[in-house]
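# Summary of the model geometry
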Amino acid sequence: MPPVTPRRRLGWLGPALVAVGVAVGGLGVWYIKHAKPTPGATVDTVAIDGGAKIIIRAEDGGEHSFVEVWAGDELRWTQFIPHYAGRAGRSAIAWSANTMSVRVERDGREEVWALGLPDGTKGGSLFLAPEHEPIPPQLAFEKPDEAAVPLTLHDGVRSYELVGGPGWHQIIAIDLQTGKALWKVELGPERVSQVSIVGGQIDLYQGAELRRINPFNGRWYYPNSGQAKPT
């Protein structure tokens, strides 16, 4: 099968989206101050560079979540967020030198929040696959053989977000430094059974069929089909 070009590019996070993100961040601070939500059980822990780690906690008695960034045994910051989309073993977190992203879900939408890694400041947000809304909670939608398929894959430069619902699936690349959505690929109805970064490329399986995706532009091909590798 010949190489396939993604259907279209996505745009930058616009000023309006960033403004909305700041407003939502302020609302979160107000809510913490007045309603005093408290962190509960640990949902996910991800080690990052230099002995630091990101911990996601559930809201005690609520439906929201908390992001904590630790440097060793020192808590650097905490941010109150909507319900975290992932869990231990099925991460929905990515990071670069100065920025992290965390995948959240609410009201039938899948959203990526960008947070400053040094201080937790919210820099913006991006909704995934709005044309397919309402989107089911991703963990409720999973099957047992997908338990180890991450929701978010990353290489320190870009995050690759897997999102799906009945009859459709997508992978979307986001530049972690700029918040720019770079490309998306419609994967069709078959569920993703495995995904990883191998030799700088994204190897994505749907059943036994391997699709290899270029992380820079989203072009893909089937390496086991006998077709030449695209340039």
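Residues numbered from 1 in each chain as written. Predicted model: local features only at pLDDT ≥ 70, side-chain atom pairs only at ≥ 80, totals over all residues. Heavy atoms only, no water.

I54, V67, I93, M100 and V102 are the most contacted members of the largest nonpolar core, which has 21 residues in total. Here I93 is in contact with D44, V46, I54, I56, Y84, M100, S101, T152 and H154, once residues within four sequence places are set aside. (Core = buried A, V, L, I, M, F, W, Y, C linked by side-chain atoms within 4.5 Å. Buried < 20%, exposed > 50% of the residue type's maximum accessible area, 1.4 Å probe, protein only. Contact = heavy atoms within 4.5 Å.)

So, on to the sheet that holds strand β11 (residues 158-165). Backbone-to-backbone hydrogen bonds pair the strands of a sheet. The strands run either parallel or antiparallel. With respect to topology, four strands assemble into an open sheet ordered β10-β11-β12-β13, the strand pairing being antiparallel. Of all the strands in the sheet, just β10 (152-154) and β13 (181-186) have a single pairing partner and so form its edges. With strand direction ignored, the average angle separating the axes of adjacent strands in the sheet is 20°. Note: β11 against strand β12 (residues 168-175), eight bridges, orientation antiparallel. Bridge pairing links G164 to H169 in β12. (Pairing = 2+ DSSP bridges. Helix = DSSP H or I, 4+ residues; strand = E, 2+ residues; numbered from the N terminus. Axes fitted to C-alpha atoms, helices over the stretch in contact; angles between N-to-C directions.)

Bringing the side chain of E68 into the picture now. As for its placement among the helices and strands, E68 is situated in strand β3 (residues 65-71). A relative accessible area of 5% means that E68 is categorised as buried. What E68 contacts, discounting residues up to four positions off in sequence, is P39, K53, I54, I55, R57, L75, W77 and T78.

Let us now look at the environment of G40. Here G40 lies in strand β1 (residues 39-47). In this structure G40 comes out as partly exposed when scored by relative accessible area, which is 25%. Put simply, G40 and S65 are 25 residues apart on the chain and 8.6 Å apart in space, counted from C-alpha to C-alpha. Discounting chain neighbours no more than four positions away, the residues touching G40 are R57, A58, E59 and D60.

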